[in-house]
Amino acid sequence: MTKTDAIARRILGWKLNRWDRWYDYEKGVFINDSEFQPERNLVHAMLVVERLEKLGYSFSSNGVSEAAFNQFKGTGENLPEAITNAAYAIIENDSVVSSTSLWRKLS
């Protein structure tokens, strides 16, 4: 599973509809895999930031190549990559993202 796949599933709550597309139940829309690129696209990365802020994480950044959600930090060649790496650090280290309490917070 790639970082993008893990973020789509565990942070955004999207379900894999087919091998090449996601389904966002909240908005009722399909998202092609190629159309969600948070490591390259700042708008997509900011979707991740918004979701994590709803879950209680505080976002901070140097605006260029570093991002953090509370104690989880990420760096990258650009801000979208840094956001993606910081979000993935949450997935690797914080059980709230993988637990059912996540869905209770979003309801």
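Above this text is the structure in question.
Q: Looking at this structure, I do not really get the overall build of the chain. What am I missing?
A: A tally of helices and strands in the chain yields four helices and six strands. The order of helices and strands in the chain, counted from the N terminus, is α-β-β-β-α-β-β-β-α-α. A buried classification covers 40% of the 107 residues belonging to the chain. Across the chain, every contact between residues at least 6 apart in sequence was considered, and the portion connecting residues at least 24 apart equals 39%.

Q: What is the right way to look at the pairing of strand 2 (residues 21–24) in this model?
A: Looking along a regular strand, one sees the side chains alternate between the two faces of the sheet. Pairing geometry for strand 1 (residues 15–18) and strand 2, over three bridges, is antiparallel. Its bridge partner lying in strand 2, Leu16 is registered against Trp22. Here strand 1 folds back onto strand 2 in antiparallel fashion, the turn holding two residues. Looking at chain direction, strand 2 and strand 3 (residues 29–32) are connected through four bridges and run antiparallel. Residue pairing for strand 3: Tyr23 is matched across the bridge by Phe30.

Q: Explain helix 2 (residues 42–54) here, please?
A: For helix 2, built from 13 residues, the straight-helix expectation of 18 Å at 1.5 Å per residue is met to within 8% by its first-to-last C-alpha distance of 18 Å. Two or three places before Val43, at the opening of helix 2, Asn41 has a side-chain oxygen 2.8 Å from that residue's backbone nitrogen. Following helix 2 by one or two positions, Gly56 adopts a phi angle in the positive range, close to 100°.

Q: Would you mind going over the pattern of salt bridges with me for this structure?
A: Applying the stated criterion across every chain yields a total of two salt bridges. The residue Asp20 makes a salt bridge to Arg18 at a minimum N-O spacing of 2.9 Å. Between Glu26 and Arg51 there is a salt bridge, with its nearest N and O atoms 2.8 Å apart. Here Glu26, found in the loop between strand 2 and strand 3, pairs with Arg51, found in helix 2; they are 25 residues apart in sequence, far enough to count as distant. Arg51 sits in the buried class, given a relative accessible area of 8%.

Q: Would you take a moment to explain the environment of Asp5 for this structure?
A: Positionally, Asp5 belongs in helix 1 (residues 3–11). Separated by eleven residues in sequence, Asp5 and Leu16 have C-alpha atoms that sit 8.9 Å apart. Each residue touching Asp5, except ones within four places of it in the same chain, is listed here: Trp22 and Asp33.

Q: What exactly am I supposed to notice about the nonpolar core here?
A: The nonpolar side chains of a soluble globular protein tend to be buried with one another. Membership of the largest hydrophobic core comes to 26 residues, with the highest contact counts inside it found for Leu52 and Phe69. For this core, the element with the most residues is helix 3 (residues 79–93), which contributes eight residues. With residues near it in sequence (within four places) discarded, Phe69 still touches Val49, Leu52, Tyr57, Ser58, Phe59, Ile83, Ala86, Ala87 and Ile90.

Q: In this structure, what is going on with the layout of surface pockets? I would like to understand it.
A: To locate leftover empty space, one rolls a probe as large as a water molecule over the atoms. Size it by volume and the largest pocket reaches roughly 240 Å³. Residue lining of the largest pocket: 14 residues in total, with Leu12, Trp14, Asp24, Lys27 and Leu47 positioned closest to the centre. Put simply, the parts of the chain that give the lining of the largest pocket at least two residues each are strand 3 and helix 2. Top element by residues in the lining of the largest pocket is helix 2. It accounts for five residues. Residue classes in the lining of the largest pocket are distributed as six nonpolar, one polar and seven charged.

What counts, and at which threshold
Residues numbered from 1 in each chain as written. Predicted model: local features only at pLDDT ≥ 70, side-chain atom pairs only at ≥ 80, totals over all residues. Heavy atoms only, no water. Helix = DSSP H or I, 4+ residues; strand = E, 2+ residues; numbered from the N terminus. Buried < 20%, exposed > 50% of the residue type's maximum accessible area, 1.4 Å probe, protein only. Contact = heavy atoms within 4.5 Å. Pairing = 2+ DSSP bridges. Expected span 1.5 Å × (residues − 1). Polar contact = N/O pair within 3.5 Å; in protein donor to acceptor, adjacent residues only side chain to side chain. Salt bridge = Lys/Arg side-chain N within 4 Å of Asp/Glu carboxyl O. Core = buried A, V, L, I, M, F, W, Y, C linked by side-chain atoms within 4.5 Å. 1 Å grid on protein atoms, 1.4 Å probe; cavity = no way out; pocket = protein on both sides within 12 Å on 5 of 7 lines; lining within 4 Å. Points joined across faces, edges and corners; volume = space filled by probe spheres on them. Nonpolar A, V, L, I, M, F, W, Y, C, P; charged D, E, K, R; others polar.

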